Amino acid sequence: MPARNFVVAIELSSTKIKGIAGQKKSDGSIAVLAVVSEDARQCIRNGVVYNIDKTVQCITNIVHRLRSQLKANIKHVYIGVGGQSIHSERNVIVKEIRNGIPVTQQLIVEMMDQNRGMEYPDIEILDVEVQEYRADSLMQTDPVGILCSRLDGNFLNILQSKRHYQKLNSCFDKAGIKLAEIYLAPFALADAVLTPVEKRSGCVLVDMGADTTTVMVYYKNIIRHVAVIPLGGNNITKDICSLQVEDTDAENLKLRYASAYTAPEDIDVSLKYDIDRDRKVESSRFIEIVEARVQEIIANVWNQVPQDFVDKILGGIVLTGGAANMKNMDVAFRKQLKIDKVRQAKFVTYTINSTNAEINAHDGTMNTLLGLLAKGDQNCYAAEEPKKPQDMFEDNAAESDSAAPDVTLRDPHTLPSGVVPTAAEKEAAARRTAEEKKRKEEEEAARVAAAEEAAQKAAEDIGGKKKPGLGAKLVKWLSGFTAPEE
């Protein structure tokens, strides 16, 4: 029997666009119903869309294949945003407080709104992570009610190019697929693989992909830094190509022989690896090529850790992603960074039930997709057929099932951590702001009119005389109108 209650998530990574459908059970486990993927190397680069038409085609294929496996229609989907355009920047908002008034919630909201209103050239604020507030000289996570003369609000703004944000939304619009929610993919991954102890005591999450490596720093359960560096497993493959081999052969050599770290005493200078039927390469030369690039990646990862948190990483380093599967990758991190606590997150912390081989491989490549699936909280099942088939080549792409209710649109200012407002949510928020402004203007106009009317009546009631007195002066003060002399 076709499923009638499921969540659908789509991940756009550097080499693949992957889709998954799953069902959440009452015991907290997730049953995976379908998994599909499309080659994205011709449309996505470093996790960012660069060919809209081909991305639309891939997304459309993903949804059609999921529908086929589920034998059900899909109302909307959850997606993850990541890639090289994502980065974080700190910002401080300062408020001077006089007359010994304690900090109010309204003041906190004003500071958050002021931070949200920061202008970055061609940059979109995707999310804001509140760090701490400094009330005079004391750091506080919740300063409401505290007496102080100065309050500093420390914020971490998660940013992305406006162009990339617009292109991503455009792809799903053209594919005719509604978005239930947009999540920051690194945040969903962190929630899926990190333990509460690691987040609290301080850790660095390193997601090593094909073209990029994402770095996240946690301390006291707060995200302190997010960065994506343009280095990944494919860079090692390209370096192996310097041995004058094709990409596919270089990838095979990497998978067969590559090790992120080899102890000097284990290097056999007489050993040679087969490149092809006629050629070989000295193992020492191959090791040198691989380790040089691995060391560069590790150095760049550590450079992303802010200096004020370098000595606070008590939870260690957590590695995940496909490129982290290279032999001795954890050893390489330990040796180079002199950090003993390094673990590899091969799978998510959730209970997942699946017969899919890719998921059951537990190799870290599906962790982000599963993290996105776990975040979804709205049923993606559509009760009826869409009115019109989806066609990526038409301007009017097919709409989702009109009989089904629209997704819940939330205020971008109140979204949970790691959630990015969709284009529809931003439009709805802009409409609400405009309506609120209009309402206030109408209320003010009504108030002034009522005051004028009351003033005029008061002027007429004074001794039954119609000459300018207190009432006329009040009208003049309120509206700038001067009553004529009789």
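See above for the structure.
Throughout what follows, the structure given in this document is the object of discussion. (Residues numbered from 1 in each chain as written. Predicted model: local features only at pLDDT ≥ 70, side-chain atom pairs only at ≥ 80, totals over all residues. Heavy atoms only, no water.)

Quick word on the packing of aromatic side chains
Piece 1. Tallied over the full model, the rule gives 7 aromatic pairs.
Piece 2. Seen in terms of ring centroids, Phe-6 and Tyr-381 are 6.1 Å apart; in terms of plane orientation they differ by 75°. Their pairing is edge-to-face. Separated by 375 residues along the polypeptide, Phe-6 in the segment before β1 (7-12) and Tyr-381 in strand β21 (residues 381-382) bring together distant segments of the chain. We note that Phe-6, like Tyr-381, is buried.
Piece 3. The interplanar angle of 85° and the centroid separation of 6.3 Å between the aromatic rings of Tyr-257 and Phe-286 together place this pair among those described as edge-to-face. Placement of the pair is Tyr-257 in helix α7 (residues 247-257) and Phe-286 in helix α8 (residues 283-303), with a sequence separation of 29 residues.
Piece 4. The exposure class of Tyr-257 is partly exposed, given its relative accessible area of 22%.
Piece 5. You can call Phe-286 buried: its relative accessible area is 1%.
Piece 6. Among the aromatic residues, those joined into a ring-pair cluster are Tyr-257, Tyr-273 and Phe-286.
Piece 7. Stacked on the ring of Tyr-50, the Lys or Arg Arg-45 has its end atom at 4.0 Å from the ring centre. (Phe/Tyr/Trp six-rings, centres within 6.5 Å; stacked < 30°, edge-to-face > 60°. Helix = DSSP H or I, 4+ residues; strand = E, 2+ residues; numbered from the N terminus. Buried < 20%, exposed > 50% of the residue type's maximum accessible area, 1.4 Å probe, protein only. Lys NZ or Arg CZ within 6 Å of the ring centre and 35° of its normal.)

Some points on empty space enclosed by the protein
Piece 1. If you walk through the whole model with that rule in mind, you get 3 cavities of 30 Å³ or more.
Piece 2. Volume-wise, the largest cavity comes out at about 90 Å³.
Piece 3. In terms of lining residues, the largest cavity is bounded by Leu-12, Gly-47, Val-48, Val-49, Gly-80, Val-81, Gly-82, Gln-160, His-164 and Leu-168.
Piece 4. Of all elements in the fold, only β5 (48-49), β7 (76-81) and α3 (162-175) reach the threshold of two or more residues within the lining of the largest cavity. (1 Å grid on protein atoms, 1.4 Å probe; cavity = no way out; pocket = protein on both sides within 12 Å on 5 of 7 lines; lining within 4 Å. Points joined across faces, edges and corners; volume = space filled by probe spheres on them.)

Focus: helix α4 (residues 185-193)
Piece 1. Along α4, 8 of the 9 residues are buried, which leaves the element largely enclosed by surrounding structure.
Piece 2. What α4 keeps buried is the set Ala-185, Pro-186, Phe-187, Ala-188, Leu-189, Ala-190, Ala-192 and Val-193.

Some details on the side chain of Asn-115
Piece 1. Inspection of the secondary structure assignment puts Asn-115 in helix α2 (residues 105-116).
Piece 2. On the accessibility criterion, Asn-115 (0% relative accessible area) is buried.
Piece 3. Those residues within four positions of Asn-115 in sequence are excluded, and the remaining contacts are Asn-91, Ile-93, Ile-125, Val-128, Phe-155 and Asn-157. (Contact = heavy atoms within 4.5 Å.)

Concerning the state of the cysteines
One way to say it: the disulfide is the covalent bond shared by the sulfur atoms of two cysteines.
Piece 1. Per the stated rule, a full pass over the model turns up 0 disulfides.
Piece 2. Cys-58 provides the cysteine sulfur closest to Cys-43, a residue in no disulfide bond, and the two sulfurs are 4.1 Å apart. (Disulfide = S-S within 2.5 Å.)

A short note on the pattern of salt bridges
Proximity of charged atoms lets side chains of opposite charge pair with each other.
Piece 1. In the structure shown here, the tally under the stated rule is 21 salt bridges.
Piece 2. Asp-191 is the partner of Lys-199 in a salt bridge, and the nearest nitrogen-oxygen pair spans 2.5 Å.
Piece 3. The exposure class of Lys-199 is buried, given its relative accessible area of 15%.
Piece 4. The network of salt bridges with shared partners includes Glu-96, Arg-150 and Asp-152. (Salt bridge = Lys/Arg side-chain N within 4 Å of Asp/Glu carboxyl O.)

Thoughts on the packing of α4 against helix α11 (residues 367-375)
Piece 1. Between α4 and α11, whose axes approach to 8 Å, the crossing angle comes to 90°. Overall, the two elements α4 and α11 adopt an arrangement that is roughly perpendicular. Residues Ala-185, Ala-188, Leu-189, Asp-191, Ala-192 and Val-193 of α4 form the contact with α11, whose own contacting residues are Asn-367, Thr-368, Gly-371, Leu-372 and Lys-375.
Piece 2. Its residues placed into classes, the contact of α4 with α11 shows 6 nonpolar, 3 polar and 2 charged. (Axes fitted to C-alpha atoms, helices over the stretch in contact; angles between N-to-C directions. Parallel < 35°, antiparallel > 145°, perpendicular 65-115°, else oblique. Nonpolar A, V, L, I, M, F, W, Y, C, P; charged D, E, K, R; others polar.)

Overview of helix α1 (residues 52-70)
Along an α-helix, residues three or four positions apart point the same way, because every turn accommodates 3.6 residues.
Piece 1. Helix length check: α1, at 19 residues, gives a terminal C-alpha distance of 27 Å against a target of 27 Å (1.5 Å per residue), a fit within 8%.
Piece 2. Taken together, the buried positions of α1 are occupied by Thr-55, Val-56, Cys-58, Ile-59, Thr-60, Ile-62, Val-63, Leu-66, Arg-67 and Leu-70.
Piece 3. The backbone nitrogen of Asp-53 has a side-chain oxygen 3.3 Å away, supplied by the residue at the start of α1, namely Asn-51.
Piece 4. Lys-71 occupies a position one or two residues after α1 and carries a positive phi of about 55°. (Expected span 1.5 Å × (residues − 1). Polar contact = N/O pair within 3.5 Å; in protein donor to acceptor, adjacent residues only side chain to side chain.)

Just distances and angles here, no functional claims.
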